[in-house]
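Chain by chain, the residues:
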Amino acid sequence: MIKRLTHMCVYVLNQESAFDFYVNKLGFKVHTDAPMGSDNRWLTVTPPEQPELEITLFLVKEGPMFTKETVQMMTQLIKNGTFGPGVFECSDIYATYEELKSKGVEFKKAPKEEFYGIEALFRDDSGNWFSLGQKKKS
Amino acid sequence: MDQYPRNYLYRRIVQSKLFIDTHYADAIDIDNISNEAYFSKFHFIRIFKEIYEKTPHQYLITVRINHAITFLKEGLSVSEVCSSVGFESLTSFSTLFKRTVGVSPSNFLLQEQQRKQQVAEKPLSYIPGCFAFKQEWTKDSNFEEVSFASLTDL
């Protein structure tokens, strides 16, 4: 029986820049930052109030996992904003939107009331997009 | 909150929140923070709490404790951390830290030092086996101490 999600993977084009985006702009916590040999790094972060979910900031680079052709395709797809890995929930979306915008986060959609709540869309430094949501108050 | 345009109000409150984020180590009080937002003290506290579910003072303490966690993870001593995050008294810092985190700052520091050492010595213990295998990190002689059995436990 599956109980919970413990790790999810976000493919990024630059881990240094991703670290800055997720930690310094979004305010996520570093969970594990381990060098794996001379040119690999295992980097995971967690949302501020969800320390049990590790988001792996996985570098797209040529190696055992990705061929050169795959890296080229993945890079283009990520830059084009093809991937939307998830939805982040916040308590007040207008305040979060103003704060992230002031930190230079690029929004594809400003907060808008939908039938399911209020939603905005932003991109990370690589091009992945996320939904930012606030549930309707009952 | 209806008497102000929403964008104006949010920008002011966010500005004050960012002021706390930046000046948490200084001796700031609510008057400093409400001045930053251009609101009266009472009005400011009420709106801030509506948005962040904490009073400005509670939020300031949270920010200080979060930075303390970060600094302890980086290996700073408890007394260095205490003064670096704006607490004047080591006792009140330790009490608030333990109440929030569940362990004392010195125990937290010790736990983090042990964890850091484990990550450095056995990084594969912290990586799901599927990624390690796909990346061929398990073939690397640096990581030989991690057995297949321990990876499958993840």
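Treat the numbers as computed from the prediction; the structure is a model and nothing was measured.

Each value, and the rule that gives it
- Residues numbered from 1 in each chain as written.
- Chains lettered and ligands numbered in written order.
- Predicted model: local features only at pLDDT ≥ 70, side-chain atom pairs only at ≥ 80, totals over all residues.
- Heavy atoms only, no water.
- Phe/Tyr/Trp six-rings, centres within 6.5 Å; stacked < 30°, edge-to-face > 60°.
- Helix = DSSP H or I, 4+ residues; strand = E, 2+ residues; numbered from the N terminus.
- Buried < 20%, exposed > 50% of the residue type's maximum accessible area, 1.4 Å probe, protein only.
- Lys NZ or Arg CZ within 6 Å of the ring centre and 35° of its normal.
- Expected span 1.5 Å × (residues − 1).
- Contact = heavy atoms within 4.5 Å.
- Domains from an automatic or database assignment.
- Buried area = accessible area lost by both parts, 1.4 Å probe.
- Salt bridge = Lys/Arg side-chain N within 4 Å of Asp/Glu carboxyl O.
- Polar contact = N/O pair within 3.5 Å; in protein donor to acceptor, adjacent residues only side chain to side chain.
- Nonpolar A, V, L, I, M, F, W, Y, C, P; charged D, E, K, R; others polar.

Student: Where do I start with the packing of aromatic side chains in this structure?
Tutor: Aromatic ring pairs are reported here in terms of the distance separating the ring centres and the angle at which the planes meet. In total, this model carries 26 aromatic pairs over all chains according to the counting rule given. Seen from their ring centres, A:Phe21 and A:Phe122 are 6.4 Å apart, and the 35° between their planes marks the pair as tilted. Here A:Phe122 lies in strand β7 (residues 117-123) and A:Phe21 lies in helix α1 (residues 15-25), a separation of 101 residues in the sequence. By the burial criterion, A:Phe21 is buried, and A:Phe122 matches it. Ring geometry for B:Tyr52 versus B:Tyr59: centroids 6.1 Å apart, planes at 25°, classification stacked. Feature note: the residues A:Phe21, A:Tyr22, A:Phe28, A:Phe88, A:Tyr97, A:Phe107, A:Phe122 and A:Phe130 constitute an aromatic cluster, connected by ring pairs. Sitting over the ring of B:Phe87, B:Arg64 keeps its end group 5.7 Å from the ring centre.

Student: Which parts of the structure should I look at to understand helix α4 (residues 56-73) of chain B?
Tutor: Helical geometry note: an α-helix holds 3.6 residues per turn, so side chains three or four residues apart project in the same direction. With 18 residues, α4(B) should reach 26 Å at 1.5 Å per residue; the first-to-last C-alpha distance of 26 Å fits that figure. On the buried face of α4(B), the contacting elements are α1 (6-23), α2 (30-37), α3 (41-52), α5 (78-84), α6 (90-101) and α7 (105-121) of chain B.

Student: Looking at this model, I keep getting lost on the domain arrangement of chain B. Mind explaining?
Tutor: When the parts come together, some accessible area is lost, and that loss is often what is quoted as the size of the interface. In terms of domain boundaries, chain B breaks down into domain 1 (6-105) and domain 2 (122-152). Each of domain 1 of chain B and domain 2 of chain B has a C-alpha centre, and the two are 40 Å apart.

Student: Sorry, what's going on with the interface of chain A and chain B here?
Tutor: Contacts between the two partners involve 23 residues from chain A and, on the opposite side, 27 residues from chain B. Carbon and sulfur atoms supply 62% of the area buried between chain A and chain B, which totals about 2,300 Å² over both sides. Where chain A meets chain B, there are 2 salt bridges. Between the two partners, chain A and chain B, sit 6 residue pairs in polar contact (both at pLDDT 80 or more). At the level of secondary structure, the elements contributing two or more residues to the side of chain A that touches chain B comprise β1 (7-12), β2 (29-35) and α3 (93-102) of chain A. Sorting elements by how many residues they give to the side of chain A that touches chain B places α3(A) first, with 6 residues. Residues that form the side of chain A that touches chain B fall into these classes: 10 nonpolar, 7 polar and 6 charged.

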